[in-house]
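Observations on chain architecture
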Amino acid sequence: MVMPITKETIAIPAILLVIGLLIFKKRKTKHWPPVIIEKGWLENMKAMSSTRAPEYLLQIVRSYKEKCFVLRFPLLQPYIVCADVTIARAVLESKVSEKPKMFYQEFSATTCGYPTVFTLQTQAPAWAHQRKGMAPAFSGRNVDNAINSDHCNQVIQDLYQTLNAFDKADKTIDLAQLMTATTIDLLGAVACGGMRFNTLIGEMNRLLQAEEKGIEMGLNLSQGADVLRLIEPCLREFAGARLMNPYRKYYSFLFKEARKATTCAKHLMNLAQKILNDYYTKNPQNNQQEDQSILGRIANSKVYKTNAHRAADVVTLLVAGYDTTSYSLSFLLYELASRPELVNKIRTELLASTEDFSPMLSRCIKESMRLWPVAALGSARSLTEPLDLGNGRVLPAGAICSIPFYPLFRSMDIPFVNEFRPERWLDENQLPLLNSGVLPFSIGKRNCVGQSLASAELKLVATSILKHYSLELVTPFHTTYFLTLKPTGGAVRLRRRLSLSHH
């Protein structure tokens, strides 16, 4: 018996076909990215909390030949690693990406629970107001004024004094220690109203004396060194231990390290409040509204509810601003210390320029930040809605997307990707990918608000050293990771060039 063709006999198969296609499409996109790394969540957690976390991700990229994959973690949401330039940019620039609370909310304990421009969610009105209020301080003109100020010039003179002391004693120096001291002093000069932290004179000279006496490093009374000692326990506890164990905060009183971190956070907030009080004392009220400095923008902004909220952002500038710049400088100078021909080329260009500009130095800075991105694990975003990447690829809503810069920059399709080759930044075949893919300060709404200042500090310190000193690599460095990628164990010898004045 042949069934007659009716509207129903046509409609029902058509409906079933549409349903089938929808299910197929959903199934197809549900499992994208297709590769779920066959490693258990315990192994992943151990590796990602180790000092080799960036290398672990790069090894996965190379072993599986995949730049976008899922890592297993005990999370309700999928954890997707994006080491592909196109996908990374799509996530960072998307309107549906947000900072994941689970990664950033504990950091607010560093500021005693007060929200900051770093920890606030993008959708929070307070974040947009604070960011908008602070951003003008980092304009090109204001950064130039800050870098050329007497306060910054004093830091550079302190740097010369320190380097001369090591040169006279014929001692090698750990660049990470030297650049950390330099950067924290620059932050005092630029972001804290000209405060003299004296880290270079106190910490480095004390280190020199300790080496001469053959004794271990002891306590130092310089305010800059005290700031560093307050920051370290906070990061270890709030950005380390509690990230691995979100429940730790509920019984943190049981741990000595947690109690110390809480005390250090209070001291940091007190220091920030003192910086603000000194600013108000030194600056008459009629001049404050015209002040476009970093501290001035924070001190005079009406978006903050209380002075404690202002102090929280001052603490954030100190915590976020010292290690990224200092280690970027360290990696750069270590690379140059083994390449005297590049140092001589840079110095020649600097001496020929009336504005201390060296094209070779600019390329070296870019290449060093590509090869050694201090923010090695980059940025993380959670998706509030599905993110359609095209070609049937959809990142699901709720997914946590990690954009780790270390494997992203080292898996780019460029020649000699693992080598320091500053000349690649002149290669027209490589430049499009380099310019779009090397994102050391991130992109999108949540990019680094202080990137112009960091770049200016990099140029200032590198120029000051390379123009007046020769570098000799004595001990190669190796890297370690905790929140930032750091060179450790290295040593250089810096010699003053007698043919050039330091003025």
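Residues numbered from 1 in each chain as written. Predicted model: local features only at pLDDT ≥ 70, side-chain atom pairs only at ≥ 80, totals over all residues. Heavy atoms only, no water.

1. Digging into helix α2 (residues 41-48)
Applied cut-off: Working definition: with a 1.4 Å probe on protein chains only, accessible area under 20% of the residue-type maximum means buried, over 50% means exposed, and in between means partly exposed. Strands here mean DSSP runs of E at least two residues long; helices mean DSSP runs of H or I at least four residues long; both are numbered from the N terminus. This arc corresponds to the set of directions leading from the helix axis out to the C-beta atoms.
By the burial criterion, the buried members of α2 are Asn44, Ala47 and Met48. Buried positions in α2, seen along its axis, are confined to an arc of 90° and lie on one side of it. Exposed residues pointing more than 90 degrees away from the buried face of α2 are listed as Leu42 and Lys46.

2. Things to note about the environment of Thr86
By secondary structure assignment, the location of Thr86 is in helix α4 (residues 85-93). Given the relative accessible area of 57%, Thr86 is considered exposed. Between the C-alpha atoms of Thr86 and Ser436, which are 350 residues apart in sequence, the distance is 8.6 Å.

3. As for the pairing of strand β4 (residues 379-383)
This is how the line gets drawn: Here, a strand pair is defined by DSSP locating no fewer than two bridges between the strands.
Burial runs high along β4: 5 of the 5 residues are buried. Bridge count for strand β3 (residues 97-98) against β4 is 2 bridges, and the pairing is antiparallel. For Ser97, the partnering residue across the bridge sits in β4 and is Leu383. In this sheet, strand β7 (residues 400-403) lies alongside β4 in antiparallel orientation, the contact comprising 4 bridges. Within β7, the position partnered with Ser382 by the bridge is Ile400.

4. Some remarks on the pairing of strand β9 (residues 478-482)
Burial along β9 is one-sided: the residues Thr479 and Tyr481 are buried and none of His478, Thr480 and Phe482 is. With 5 bridges joining them, β9 and strand β10 (residues 484-488) adopt antiparallel strand pairing. Bridge pairing links Phe482 to Thr484 in β10.

5. Quick look at the packing of helix α16 (residues 340-352) against helix α20 (residues 451-468)
Selection criterion: Lines fitted to the C-alpha atoms define the axes, with helices restricted to the stretch that makes contact. Angles between their N-to-C directions range from 0 to 180 degrees. Just so you know how the angles are binned, under 35 degrees is roughly parallel, over 145 roughly antiparallel, 65 to 115 roughly perpendicular, and the rest oblique. Note on contacts: a residue pair qualifies if any of its non-hydrogen atoms lie within 4.5 Å across the two residues. Each residue receives one of three labels: charged for Asp, Glu, Lys and Arg, nonpolar for Ala, Val, Leu, Ile, Met, Phe, Trp, Tyr, Cys and Pro, and polar for the others, Gly being one of them.
Between α16 and α20, whose axes approach to 9 Å, the crossing angle comes to 100°. Comparing their axes, α20 and α16 come out roughly perpendicular. Contact residues: Val343, Ile346, Arg347, Leu350 and Leu351 in α16; Thr463, Leu466 and Lys467 in α20. Across the contact of α16 with α20, the residue classes break down as 5 nonpolar, 1 polar and 2 charged.

6. Notes on the confidence of the model for the protein chain
Heads up, the rule is: Note on scores: pLDDT gives the predictor's confidence for each residue, bounded by 0 and 100.
Confidence in the prediction for the protein chain averages 88 pLDDT; 89% of positions are at 70 or higher. Across residues 1-10, confidence stays below pLDDT 50; counting only partners more than four residues off in sequence or on other chains, it has 4 contacts. When the criterion is pLDDT under 50, residues 212-221 qualifies, and its contacts beyond four places in sequence or with other chains add up to 19 contacts.

7. Things to note about the packing of aromatic side chains
Condition: Here a pair means two rings of Phe, Tyr or Trp (six-membered ring of Trp) with centres within 6.5 Å. Their orientation is stacked below 30 degrees between planes, edge-to-face above 60, and tilted elsewhere.
For the structure shown, the criterion picks out 12 aromatic pairs. Between Tyr104 and Phe118, the ring centres sit 5.4 Å apart and the planes meet at 75°, which makes this aromatic pair edge-to-face. With Tyr104 in helix α5 (residues 101-104) and Phe118 in the loop between α5 and α6 (125-134), the pair connects residues that are 14 residues apart, well separated along the chain. Tyr104 gets classed as buried once you look at its relative accessible area, which sits at 12%. Look at Phe107 and Phe118: their rings are 5.0 Å apart centre to centre, the planes differ by 65°, and that puts the pair in the edge-to-face class. One end of the pair, Phe107, is in the loop between α5 and α6; the other, Phe118, is in the loop between α5 and α6, with 11 residues separating them in the sequence.

8. Brief notes about the environment of Glu203
By the element assignment, Glu203 lies in helix α10 (residues 199-213). Spatially, the C-alpha atoms of Glu203 and Ala181 are 7.3 Å apart, while their sequence positions differ by 22 residues.

9. So, the side chain of Gln130
Relative to the assigned elements, Gln130 resides in helix α6. Residues within four places of Gln130 in sequence aside, it is in contact with Thr116, Val117, Leu120, Val303, Tyr304 and Asp313.

10. Quick notes on helix α3 (residues 53-64)
Threshold: Multiplying 1.5 Å by the residue count of a helix minus one yields the expected span of that helix.
The end-to-end C-alpha distance of α3 is 17 Å, a good match for the 16 Å that 12 residues give at a rise of 1.5 Å each. For α3, the complete set of buried residues consists of Ala53, Pro54, Tyr56, Leu57, Leu58, Ile60 and Val61. In this fold, the buried residues of α3 make contact with α2, β1 (68-71), β2 (79-82), α18 (405-410), β9 and β10. Downstream of α3 by a residue or two, Lys65 has a phi angle that is positive, lying close to 55°.

11. A few points about the sheet that holds β2
Here 5 strands make up an open sheet; going across it, the order is β1-β2-β7-β4-β3 and the pairing mixed. Each having just a single partner strand, β1 and β3 make up the two edges of the open sheet. Strand direction decides the pairing type here: β2 and β7, joined by 3 bridges, are parallel. When the bridges of β7 are listed, Tyr79 appears paired with Ile400. Strand contacts of α3: β1 and β2, with the helix running at about 120° to β1, the strand carrying the most contacts.

12. What to know about a nonpolar patch on the surface
Quick reminder of the rule: A patch consists of residues whose relative accessible area exceeds 30% and which take part in no salt bridge; residues with like charges are grouped when within 9 Å of each other, and nonpolar side chains (Val, Leu, Ile, Met, Phe, Trp, Tyr) when within 5 Å. Each accessible area value is a Shrake-Rupley result obtained with a 1.4 Å probe; residue values ignore everything except the protein chains displayed when judging cover. Definition used for salt bridges: Asp or Glu carboxyl oxygen within 4 Å of a side-chain nitrogen of Lys or Arg.
A cluster of nonpolar residues, Tyr247, Tyr250, Tyr251, Phe253 and Leu254, forms a patch on the protein surface that exposes about 630 Å² of accessible area. Looking at the element boundaries, Tyr251 is found in the loop between α11 (223-244) and α12 (256-282). Take Tyr251: its relative accessible area is 30%, and that puts it in the partly exposed class.

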